[in-house]
Structure formats: C-alpha cells, structure tokens
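Coordinate analysis (summary)
One letter stands for each residue in the lines below.
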Amino acid sequence: QVQLVESGGGLVQAGGSLRLSCAASGRTFSTYAMGWFRQAPGKERDFVAVINWIGDTNYADSVKGRFTISSDNAKNSVSLQMDSLKPEDTANYYCAADRRLKARPSMNPIDYDYWGQGTQVTVSS
C-alpha cells in the first residue's frame, strides 16, 4: 500500500502561482510513476502531469509551459509548480501513483493504483 497526501492548494488570482506537494508513504519503492490529475465539478478527472522514476515527464497540452512537475526521491515526494494560472485551472487536484513499469509514463487515470484525497485550487479572474 502507498498513502498519498496532497497539500498547497488555495485561492489565487489569475496570473498567480501555486505549488502543490504530494507526500508518499508506505511501499514507495514499488512506485514507477507519480502523476497529477484534476477534476472540476461535473467534469471528468483529467490528466495534468506525470513523472516516472528516471525523471521522464509528460504534460497535458493545456498546462505545457506553465506547470512543472518534479520529484524528490529521497523525500518520497512529488511537486507541481503552477505558474500563470488561469480561471480554467480551477479544480480539485489529485496526486496518484502507478506501480507498474511502462515504456512511457501514463496519462490515463485507469493506470494509477493509489490516489490522494485531493487539494482544491481556485483561480479567480
């Protein structure tokens, strides 16, 4: 089992920045990749960014150039730096862990085995 706890959400004006963090505990050595997803009310859970154990990353087109994912393997944590935030970035953000080795980090939430409880990000216009 892997336990994930997100932090860092909040209210920010458009154009501002936030940094989300996700702390992992438990069987973290079995984690292949860590991802961030988001879900707005009434919408599906969407991929945001992912980083795997060797540092390969992938981003949703909507956040490329604005968001940066990073990991600290020594601290078993992953962060999401969000800059130039837009009102459409408003959502509940979830951290997730994928246990299974893949050729490329997955953008599909179905592939992720463990999820955090989420942290709310609200961007005002």
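Below, the structure is looked at part by part. Just so you know, these numbers come straight off a predicted model, no measurement behind them. (Residues numbered from 1 in each chain as written. Predicted model: local features only at pLDDT ≥ 70, side-chain atom pairs only at ≥ 80, totals over all residues. Heavy atoms only, no water.)

1. Digging into the side chain of Asn 58
Stated formally: Helix and strand assignments come from DSSP, with helices taken as H or I runs of at least 4 residues and strands as E runs of at least 2, each series counted from the N terminus. Contact criterion: two residues are considered in contact whenever any of their non-hydrogen atoms come within 4.5 Å of each other.
Here Asn 58 lies in strand S6 (residues 57-59). Apart from the residues lying within four places of it in its own chain, the contact partners of Asn 58 are Phe 47, Val 48, Ala 49, Val 50, Arg 104 and Met 107.

2. Some remarks on the nonpolar core
The test is simple: Side-chain atoms within 4.5 Å are what join buried Ala, Val, Leu, Ile, Met, Phe, Trp, Tyr and Cys residues into a set we call a nonpolar core. In this scheme, a residue with accessible area under 20% of its type's maximum is buried, one over 50% is exposed, and one in between is partly exposed, where area comes from a 1.4 Å probe on protein chains only.
Counting 36 residues, the largest nonpolar core has Leu 4, Trp 36, Leu 80, Met 82 and Tyr 93 as the members making the most contacts within it. Of all the secondary structure elements, the ones that give two or more residues to this core are strand S1 (2-7), strand S3 (18-26), strand S4 (33-39), strand S5 (46-52), strand S7 (67-72), strand S8 (77-82), strand S9 (91-98) and strand S11 (119-124).

3. Section: the state of the cysteines
We count it as follows: A pair of cysteine sulfur atoms is labelled a disulfide when the two atoms are within 2.5 Å.
Summed over all chains, the structure comprises one disulfide. Across a sulfur-sulfur distance of 2.1 Å, Cys 22 and Cys 95 are joined as a disulfide pair. Between Cys 22 and Cys 95 the sulfur-sulfur dihedral comes to about -80°; the bridge is accordingly left-handed. In this pair, Cys 22 sits in strand S3 while Cys 95 sits in strand S9, placing the two residues 73 residues apart along the sequence.

4. Observations regarding the packing of aromatic side chains
To keep it simple, the criterion reads: Two rings from Phe, Tyr or Trp (for Trp, the six-membered ring) form a pair when their centres are within 6.5 Å of each other. A pair whose planes differ by under 30 degrees is stacked, one over 60 is edge-to-face, and the rest are tilted.
A complete count under the given rule lists five aromatic pairs for this structure. Ring centres 5.1 Å apart and planes at 75° place the aromatic pair Phe 37 and Tyr 112 in the edge-to-face group. Within this pair, whereas Phe 37 is found in strand S4, its partner Tyr 112 is found in the loop between S9 and strand S10 (114-115), the two being separated by 75 residues in sequence. Residue classification places Tyr 112 among the buried residues on the basis of a relative accessible area of 5%. Their ring planes at 75° and their centres at 6.5 Å tell us that Tyr 94 and Trp 115 sit as a pair that is edge-to-face. Pair noted here: Tyr 94 is in strand S9 and Trp 115 is in strand S10, with a separation of 21 residues, a long-range link.

5. Digging into the pattern of salt bridges
Pairing between side chains of opposite charge can happen when the charged atoms of each approach one another. Our working definition: Salt bridge, as used here, is a side-chain nitrogen of Lys or Arg placed within 4 Å of a carboxyl oxygen of Asp or Glu.
Applying the stated criterion across every chain yields a total of six salt bridges. For Arg 38, the salt bridge goes to Asp 89, with nearest N and O atoms at 2.9 Å. Taken together, the positions of Arg 38 in strand S4 and Asp 89 in the loop between S8 and S9 put the pair 51 residues apart, joining distant regions of the chain. For the pair formed by Arg 38 and Asp 89, the shared burial category is buried. Shared partners join several salt bridges into a network, and the residues in it are Arg 38, Arg 66 and Asp 89.

6. Observations regarding the sheet that holds S3
What counts is decided by this rule: Any two strands with at least two DSSP-identified bridges between them are counted as paired. Only C-alpha atoms enter the line fits that serve as axes; for helices the fit covers just the stretch in contact. Angles between N-to-C directions range over 0 to 180 degrees.
Spatially, S1-S3-S8-S7 is the arrangement adopted by the four strands of the open sheet, whose pairing is antiparallel. The strands lining the two open edges of the sheet, one partner per strand, are S1 and S7. Direction aside, neighbouring strands of the sheet carry axes that sit 15° apart on average. Sheet topology places S7 next to S8; six bridges connect them, and they run antiparallel. Bridge assignment links Ile 69 to a residue of S8, and that residue is Leu 80.

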